[in-house]
Amino acid sequence: MVIYIFAPVLKKSALSATNSSHSLKSIFLDFKEITKAGLAISVVFSSLAGYLLGVSEFSSANVYVLVMLAVGGYCMVGASNAYNQIIEKDLDALMDRTKNRPIPSGRMTVNTAFVIATALTLIGLIILYWINPKTAMFGAISIFLYTCIYTPLKTVTSLSVFVGAFPGAIPFMLGWVAATNNFGIEAGTLFLIQFFWQFPHFWAIGWFLFEDYKKGGFYMLPTGKRDKGTAMQVILYTLWLAVASVLPSFGYTGQLYLTTVSTIIVGLLGLWMLFYAVKLYKNQNDKSARSLMLVSVSYISLIQVVYILDKFLR
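Summary of the structure given here. Just so it is clear, the structure is predicted and the values come from calculations on it, not from any experiment.

## Looking at the packing of aromatic side chains
Inspection of every chain in the model, using the stated rule, returns 19 aromatic pairs. Seen from their ring centres, Phe162 and Phe199 are 6.4 Å apart, and the 35° between their planes marks the pair as tilted. With a gap of 37 residues between them, Phe162 in helix α7 (residues 160-180) and Phe199 in helix α8 (residues 185-208) connect regions that are remote in the sequence. Given the relative accessible area of 41%, Phe162 is considered partly exposed.

Structure representation (structure tokens):
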């Protein structure tokens, strides 16, 4: 009898707990999406790689600074992505790949997204400032360029990719600045590598998502079309990327340098990516563009690992 009386209460409590669990899960998933967690984590990895290259030796790496760089870096990238999705909310609703994002789907209001973006900006800047002022300055520049210049230009000109390459290239260099409190030839070289990497990577994405981008009024390809002109520019920038990646081998980049073995490995990785760029030129299809995009993601991560291993194992 007691069980019978309290059964509805127990059932209601169980449903309430389940709904609460689902609610927390959905909030977490929406936060991941509004900040583009996958992209943010890859950017954080670049920053940490730059930091490890900047310290004099592995034992001198400061765990607290690494954690602050990771958290602050995620906040800055997350804020940029949230602001981006606020600005492009109406256009996101038109594209298949973005129509289910938190704002266009109605799961999150613009005001909520703005609060999240602003809070992440402030938290990120404060944390990066604790590392050193220069790190915070570059973090702030990154958010400004991405949000106020790159995002509005995406519907105006394909040169937006060139503008977007600047904030996109900051993370690798940011780690070095966090470690040394200095922006010199070493940080500039790391910036250059990730700068040239942006072009084949994003043009490959722009190629296989061409029709979807077109729905939102975005024209990301340099010629505005999926043609040999675009594919040739992909090859040229891949070549520049390969050259920039082996620059530390020649002794002109200060404390940043590569041994012969690592130079060969980085060179082979460059040829690997170039192979897929040429393949896109030959085939001019979405499959080749998607393959190039995946290879480019592997490329940037692998050369960062090679750089780190070369520094601490030489």
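Back to the text.
## Structural notes on α7
The terminal C-alpha atoms of α7, which comprises 21 residues, lie 31 Å apart, in line with the 30 Å expected from a rise of 1.5 Å per residue. The axis of α7 is deflected most strongly, by about 40°, at Pro171. The element α7 is largely enclosed, with a buried count of 16 among its 21 residues. The positive-phi residue at the C-terminal boundary of α7 is Asn181, with phi of around 55°.

## Points about the nonpolar core
Judged by nonpolar contacts, the single largest core of 83 residues is most densely connected at Tyr51, Leu53 and Tyr307. Of the residues forming this core, the biggest block, 13 residues, is contributed by α8. With near-sequence residues (within four places) excluded, Leu53 lies in contact with Phe172, Trp176, Leu190, Leu256, Tyr307, Ile308 and Lys311. Formed by six residues, the second largest nonpolar core is a distinct cluster that contains Ala37, Ala40, Tyr74 and Val77.

## Remarks on the pattern of salt bridges
Tallied over the entire structure, the rule returns nine salt bridges. Notably, a salt bridge pairs Arg226 with Glu211, separated by 3.2 Å at the nearest N-O pair. Here Arg226 is found in the loop between α9 (210-215) and α10 (228-245), whereas its partner Glu211 is found in helix α9, with 15 residues between them in sequence. Owing to a relative accessible area of 45%, Glu211 belongs among the partly exposed residues under this scheme. Between Asp212 and Lys215 there is a salt bridge, and its shortest N-O distance comes to 3.8 Å. On the criterion of helical spacing, the pair formed by Asp212 and Lys215 is a turn pair, its members being three residues apart in helix α9. On the basis of relative accessible area, Asp212 is assigned to the buried category, the value being 9%.

## Examining unusual backbone geometry
Comment: phi is negative for the bulk of residues other than glycine, and the bulk of peptide bonds are trans. For Asn181, which is not glycine, the phi dihedral falls at a positive 55°. Position of Asn181 among the secondary structure elements: in the loop between α7 and α8. On the accessibility criterion, Asn181 (37% relative accessible area) is partly exposed. We note that Gln284 has phi near 50°; this positive angle belongs to a residue other than glycine.

## With respect to the packing of helix α3 (residues 63-87) against helix α5 (residues 110-131)
For the pair α3 and α5, the least separation of the axes is 8 Å and the interaxial angle reads 150°. As judged from the angle between their axes, α3 and α5 are roughly antiparallel. In this structure, α3 crosses over α5, and the sense of that crossing is left-handed. For the contact of α3 with α5, the per-class residue count stands at 21 nonpolar, six polar and no charged.

## Looking at helix α2 (residues 37-54)
Residues that lie three or four places apart on an α-helix share one face, since the helix turns once every 3.6 residues. Counted at 1.5 Å a residue, the expected span for α2 with its 18 residues is 26 Å, and the 25 Å between its end C-alpha atoms agrees. Of all the residues in α2, the buried ones are Ala37, Ala40, Val43, Val44, Ser46, Ser47, Ala49, Gly50, Tyr51, Leu52, Leu53 and Gly54.

## Describing a nonpolar patch on the surface
A cluster of nonpolar residues, Met232, Leu236, Leu239, Trp240, Val243, Leu247, Phe250 and Tyr252, forms a patch on the protein surface that exposes about 830 Å² of accessible area. With respect to the helices, strands and loops of the structure, Leu247 is situated in the loop between α10 and α11 (260-283). With a relative accessible area of 31%, Leu247 lands in the partly exposed category.

## Overview of the side chain of Thr230
With respect to the helices and strands, the residue Thr230 is situated in helix α10. Classification of Thr230 by relative accessible area gives buried; the value is 0%. With residues near it in sequence (within four places) discarded, Thr230 still touches Trp207, Leu221, Pro222, Thr223 and Lys225.

Conventions we followed
- Residues numbered from 1 in each chain as written.
- Predicted model: local features only at pLDDT ≥ 70, side-chain atom pairs only at ≥ 80, totals over all residues.
- Heavy atoms only, no water.
- Phe/Tyr/Trp six-rings, centres within 6.5 Å; stacked < 30°, edge-to-face > 60°.
- Helix = DSSP H or I, 4+ residues; strand = E, 2+ residues; numbered from the N terminus.
- Buried < 20%, exposed > 50% of the residue type's maximum accessible area, 1.4 Å probe, protein only.
- Expected span 1.5 Å × (residues − 1).
- Bend = angle between axes of the 7 residues up to and from the residue.
- Core = buried A, V, L, I, M, F, W, Y, C linked by side-chain atoms within 4.5 Å.
- Contact = heavy atoms within 4.5 Å.
- Salt bridge = Lys/Arg side-chain N within 4 Å of Asp/Glu carboxyl O.
- Axes fitted to C-alpha atoms, helices over the stretch in contact; angles between N-to-C directions.
- Parallel < 35°, antiparallel > 145°, perpendicular 65-115°, else oblique.
- Left-handed = near helix turned anticlockwise from the far one by under 90°.
- Nonpolar A, V, L, I, M, F, W, Y, C, P; charged D, E, K, R; others polar.
- Patch = residues over 30% accessible without salt bridge, like charges linked within 9 Å, V, L, I, M, F, W, Y side chains within 5 Å.
- Areas by Shrake-Rupley, 256 points an atom, 1.4 Å probe, with all protein chains shown as cover.

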